[in-house]
Amino acid sequence: MKILNLYNHSPGSLPALLLVAVLLGGCASSSPYTTGAVKTFDPDTSRVEQPGEAESYQYWDRIDNTIFHQIEKPLDLNRVFRFAGRTLGISGAKQADNINRLDEVPESSWYTYRHYYNPMTHEELAAGPNTVQPDTSGQWTIFSAKLEGANPGFFAEDSKGHRFLIKFDGPNYPELTTSAEVIGTKIFYAAGYYVPESTITYFDPDKVTVGDGVMVEEMGEERQMTQEDYREIISIAAKNERGDVRALASKFVDGVPLGPWDFQGTRSDDPNDRVNHEHRREIRGMRIISSWLNDTDRRDANTMSVYTENGYIRHLVQDFGNTLGANGASIHYPIYGQAYLIDPRYMVTSALSLGLNVHPWEDINAQEYIPHPSVGYFRSEPFRPGNWVSVHPIPAFENMTLRDAFWGAKQVMSFSDEDIRAIVETGQLSNGDAVEYLVQTLIERRDKIGGYWFSKINPIDKFEPERRGDQLTLRFTDLGIENGIFNAESIRYRYTLTSTGGQLVAEDKLSDQSTFTDTLPAEEDSDTQIWMYEIVTLRDGVKAADKKVTVYVVMDEEYGTRIGGIQRQE
Amino acid sequence: MIFQRTCKLLALFLFSTAGVNMTVAASHNFSFTMQEAPVRTDTSSSEPTPYSSKKSVGGHLLSLPSYLFQWSISPIGYAIKKAETTVLPYLLEGERGDYGVFPLFELGGDTGYSYGLLLFHNRPFYPNHSARVEALFSSSDYNDIDFEYTINRFLSDRGRLVFDAAFANRPDRTFLFGNDASFSDRTFYDRQDFEAALSYSYSLSDRTFLSFNTDYLRRKITRSDRVTEDNTPAFPSEFLVKNALLSTGVNLAIDNARGIPRINRGSRFITDLQWSRSLTDDQFNYINYSAEWNQFIPIPFLPDDRRLAFKGEIQKVESLGDKEIPFFENPSLGSSRDLRGFSTNRFRDTGSLLFTLEYRYPIWDFSDVVLFVDEGQVFNHYSDIGINDFHTSYGFGFHLISTKGFAFRSEFAFSRETSRFILLISPNF
């Protein structure tokens, strides 16, 4: 065997040695558990100088992520080596950078624990982020026009001084876009994201006036907005039997808007922004929530950063007008959610197959699958959770690992049928059948998500250790069973319990219950004990069911028995 | 075994380098429960910060190629961002005014590149009028200026009057004559044209169109410098002419082709008859007639956008009395729309016959792949047409499809003699 002689090398080998040394310097390992406290809050809310506003680009992020980012990926040797390592089975996926010892996302300016962690009532789910409703009893004043985007609208201030962005449905699909906006907003809110307040409102069209100085552009020239302009904007809007105009009212967020945040990199002028966005768990896992809603237009331009009064930047997700069956003022195309707008994977197969390969979305006439105009094109049958993509590639979504997906899937699965109904009803669809269709489709898509992702990884969670005397009990929840995805009778758990010191208490012990109780040996002379459960779920007929979850239980006199770490095998 | 282990360690070393270090800070303030699980949690906002994306020096080195790529495209990103706030809304979001100016660029051709302007006005004088000027400049040898004025709903809601005037000088046109002419016998000429045309089109129905036209063409044929440079045979001196021609004719089109944005079924017939004579003398007097048939057929058992497209076209020119026909008015084959794999005007005679079959199928909603074969021959008399006299060209291409239909094509065509790369905004058929 040839051994590298570090002391007798040729001058030419010095750079190579330096490179090796540099590369070695990058190696690091960390303990899978902590005997201290688990970080559940990422302190990224320190006061910072107010940054400037970032420009919002409608085309650049799409072009960049669709073309340049795809070219760049194979040029990043980190990614190439990692891919090769995964292929050879000697390296794992690049995991998110902001996960704690419980494999969870800490709360931050991006995310807060909500429905999965602390189940919300139906009233809380229906209310979502909303704190105020637009006052429709008094006069509204338009203070700015919004003519760009898929459907025009305006900015109005109600008689109580609250300011809202007012948007309308497209003429051919009344109630579609506005209901999608509200439902999508509330689901994302319950999943833990920061979102703007959004509500459906019906206002008297005669109680709106155009303020002085509101300008619109016509033929390249600016002029004062007139009452006729306002009438033209609302002429296509849906109305109720009293003639009130249906609209989406999005309340101005508190703080100073700073433009969108990106799905990649960090913001250089925000010292709190330390984790690359493409490596944030809550953004990677958002892909699963977006897939549930067919949130196809998720991209930089549909996000918002706000400088709060406490002096830090909060990160919001917004613009849900392309969720469910809506695609702006119109309906989704069948291809949406199944392939990118430009998708070389399918283009190559089409070209090489001489057209004989017919993609599943190709021979679908969307109009034949629209049960109600207010629902648009939103189906569960063609939905493939593992293949879902947004219209444009998103680096964070591309980086999603199985663990990120599991995190996203358990957020989705936390919505019960009744939870979904409570949220859908806030879309105020006038057709009861449309409500039923939407609820049912969301339920079916939710269950597909659970069925797919919970089959890829061991879906046990919510661990609770308890020590009584020399008995150690570990309780947990099998999310697959809890959500009715898997049959409890077909499931058994095999676990091994050892101490980190090597004491074996149980080896390959089988249990058909999600509660393990074992007798611990006499205590050693140690302040802190750490016990390790290695749990495998045995599920009949389900691929990858035998993935392992390792749970570390920490015990000491001062803080008692607790979970110190969780590791999930992918 | 040792070797395997060494490899695995080396690989692990590389892959761990590709990773990102995560540090967890010592905790400060404790609580005892998090959600349902008994957990010691730290929700403090005190430093040191627990989470960040850190890349080792080695990781940065491995990312160096991607950094260089990012740096290299930064001007493109800057340009697109700049365009978004200035040009793109004007071009893409329906805010284009009634008049404007656009730059034009043309790559390829004899002179490499040319540049110019497009000026348009969509309602000069009256709402139903439109005007446009395209001008391309390259060198004193190659210029192209085209002016078009259109009056829609002229005399009738179904009528349209178009006046078109153009000046062009283009060097190095290829000259060969006959179906069996050898490629090595080719020679070259230069030409300079001024053309003015007036045409009136009338829609007999939604699918039947009749048009009448009168053209004035002044053309000058001169020797090409390339004859000397390439040592090719001399251009026939009797074809060096400077003449003015007046033509008048009628065109009938029946368009039953259907499908938007992709034509996938139906047929199209186009017939044309022109009478021309020279104005400056009585040397030329002839008629020119042609017939074209297009048929579109979807492939059974597949979606309709997998389709065959067929074109058959015959052209013939006949002299009247004992008068002559200018050589450039004889039909020729070898262009971007017929016998595409041969050089321009490769075959020329008083008649031409062409068959084209294309298989068009989508690879995406905005792009088709096209596989094609062209078969064509030129002839002097109809009796000269022979099954063994066809020349074959074949190839493939990509068509861009807009929501309204065909937008752009790039094709690679081949033949036994040469090949051609085509980039055009006009369809073959």
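It should be emphasised that the depicted structure is a prediction, and the values quoted were computed from it without experimental measurement.

### Quick word on the overall build of chain B
On a plain count of helices and strands, chain B comes out with five helices and 20 strands. Per-residue burial over chain B gives 24% buried out of 429 residues. Considering only contacts in chain B between residues 6 or more positions apart, those separated by 24 or more positions represent 51%.

### Description of the confidence of the model for chain A
Residues and elements named next belong to chain A. The predicted model of chain A has a mean per-residue pLDDT of 90, with 92% of residues at 70 or higher. Note on residues 1-15: pLDDT under 50 across the span, and three contacts to partners over four residues away in sequence or across chains. Below pLDDT 50 for its whole length, residues 17-28 participates in 21 contacts with residues either more than four positions away or in separate chains.

### Let's talk about the confidence of the model for chain B
Looking at chain B as a whole, its pLDDT mean stands at 85, while 85% of the residues score no less than 70. Here residues 1-36 of chain B is a poorly scored stretch, pLDDT under 50, and it has 75 contacts once near neighbours within four places are set aside; other chains count.

### Focus on the sheet that holds strand β9 (residues 245-251) of chain A
Residues and elements named next belong to chain A. Strand order across the open sheet formed by six strands is β5-β9-β4-β3-β2-β6, with mixed pairing between neighbours. Here the strands that pair on one side only, and so sit at the sheet edges, are β5 (198-203) and β6 (208-210). Each strand axis lies, on average, 40 degrees off the axis of its neighbour in the sheet, ignoring direction. The sheet strands contacting helix α5 (residues 176-190) are β5 and β9, and the helix crosses β5 at an angle near 145 degrees.

### A word on the nonpolar core
Among the nonpolar cores identified, the biggest contains 89 residues, and Phe188, Ile288, Ile289, Ala409, Val412, Leu438 and Trp453 of chain A are the most heavily contacted of them. One finds Tyr493, Tyr495, Phe516 and Val551 of chain A within the second-largest nonpolar core, a separate group that totals 26 residues.

### A few points about helix α2 (residues 60-72) of chain A
For α2 of chain A, built from 13 residues, the straight-helix expectation of 18 Å at 1.5 Å per residue is missed by more than 12%, its first-to-last C-alpha distance being only 16 Å. Those residues of α2 of chain A lying buried are Trp60, Asp61, Arg62, Asp64, Asn65, His69 and Glu72 of chain A. Lining the buried residues of α2 of chain A we find α10 (395-398) of chain A together with α3 (64-85) of chain B.

### What about unusual backbone geometry?
Between Ile260 of chain B and the following residue, Pro261 of chain B, the backbone shows a cis peptide bond with an omega angle of 0 degrees. Relative to the assigned elements, Pro261 of chain B resides in the loop between β10 (242-255) and β11 (266-278). The backbone of Leu324 of chain A sits at a positive phi, close to 55 degrees, despite the residue not being glycine. Of note, Leu324 of chain A is situated in the loop between β12 (313-317) and β13 (326-327). A positive phi angle is found at Gln428 of chain A, which is not glycine, with a value near 50 degrees. Checked against the element boundaries, Gln428 of chain A lands in the loop between α12 (417-424) and α13 (432-453).

### A look at the packing of α12 of chain A against α13 of chain A
Residues and elements named next belong to chain A. In the contact formed by α12 and α13, the axes pass within 10 Å of each other and the chain directions differ by 135 degrees. What the angle tells us is that α12 and α13 run oblique. Two packed elements cross with a definite hand, and for α12 against α13 that hand is right-handed. Mapping the contact onto sequence places Asp417, Ile420, Arg421 and Val424 in α12 and Val435, Leu438, Val439, Leu442 and Ile443 in α13. Residue composition of the contact of α12 with α13, by class: seven nonpolar, no polar and two charged.

### Points about the environment of Thr150 of chain B
If you trace the backbone, Thr150 of chain B turns up in strand β6 (residues 142-152). C-beta crowding within 10 Å serves as the criterion here: with 18 such atoms nearby, Thr150 of chain B is assigned to the partly exposed category.

### So, the pairing of β11 of chain B
Residue and element names in this part refer to chain B. Pairing between β10 and β11: 11 bridges, direction antiparallel. Across the sheet, residue Thr248 finds its bridge partner in β11, namely Trp275. As defined by bridge partners, β11 adjoins strand β12 (residues 285-298) across 12 bridges and the pair is classed as antiparallel. Its bridge partner being in β12, Gln274 is matched across the sheet by Asn288. Hairpin geometry of β11 and β12 is characterised by an intervening segment of six residues between the two adjacent antiparallel strands.

### Quick look at the packing of helix α11 (residues 402-413) of chain A against α13 of chain A
In a pair of packed helices, the angle between the axes and the distance between the axes together describe the arrangement. Residues and elements named next belong to chain A. As a packed pair, α11 and α13 sit with axes 9 Å apart at the nearest point and diverge in direction by 145 degrees. Once α11 is placed against α13, the crossing between them reads as left-handed. Within the contact between the two elements, α11 uses Ala405, Phe406, Ala409, Val412 and Met413 and α13 uses Arg446, Ile449, Gly450 and Trp453. Considering only residue class, the contact of α11 with α13 consists of seven nonpolar, one polar and one charged.

### What about the pairing of β10 of chain B?
Where strand β9 (residues 208-223) of chain B and β10 of chain B come together, 13 bridges link them in antiparallel fashion. Looking at the pairing, Phe209 of chain B lines up with Ala253 of chain B of β10 of chain B.

### Looking at the sheet that holds strand β10 (residues 256-257) of chain A
Taken in spatial order, the three strands of this open sheet run β10-β11-β12 (chain A), and their pairing is antiparallel. Both edges of this open sheet fall to β10 and β12 of chain A, since each of them pairs with a single strand only.

### A short note on the environment of Asp300 of chain A
All names here are of chain A. Considering the arrangement of structural elements, one finds Asp300 in the loop between α8 (286-293) and β11 (303-307). Taking the number of C-beta atoms within 10 Å as the measure of exposure, Asp300 has 23 and is therefore buried. For the pair Asp300 and Pro260, spaced 40 residues apart in sequence, the C-alpha to C-alpha distance is 5.9 Å.

### What to know about the environment of Thr356 of chain B
Tracing the sequence through the fold places Thr356 of chain B in strand β16 (residues 351-364). The contact partners of Thr356 of chain B, leaving out residues within four places of it in the chain, are Lys311, Phe372 and Asp374 of chain B.

Cut-offs used in this document
- Residues numbered from 1 in each chain as written.
- Chains lettered and ligands numbered in written order.
- Predicted model: local features only at pLDDT ≥ 70, side-chain atom pairs only at ≥ 80, totals over all residues.
- Helix = DSSP H or I, 4+ residues; strand = E, 2+ residues; numbered from the N terminus.
- Buried ≥ 20, exposed ≤ 12 C-beta atoms within 10 Å, placed from the backbone.
- Contact = placed C-beta atoms within 7 Å.
- pLDDT = per-residue confidence, 0-100.
- Pairing = 2+ DSSP bridges.
- Axes fitted to C-alpha atoms, helices over the stretch in contact; angles between N-to-C directions.
- Core = buried A, V, L, I, M, F, W, Y, C linked by C-beta atoms within 7 Å.
- Expected span 1.5 Å × (residues − 1).
- Parallel < 35°, antiparallel > 145°, perpendicular 65-115°, else oblique.
- Left-handed = near helix turned anticlockwise from the far one by under 90°.
- Nonpolar A, V, L, I, M, F, W, Y, C, P; charged D, E, K, R; others polar.

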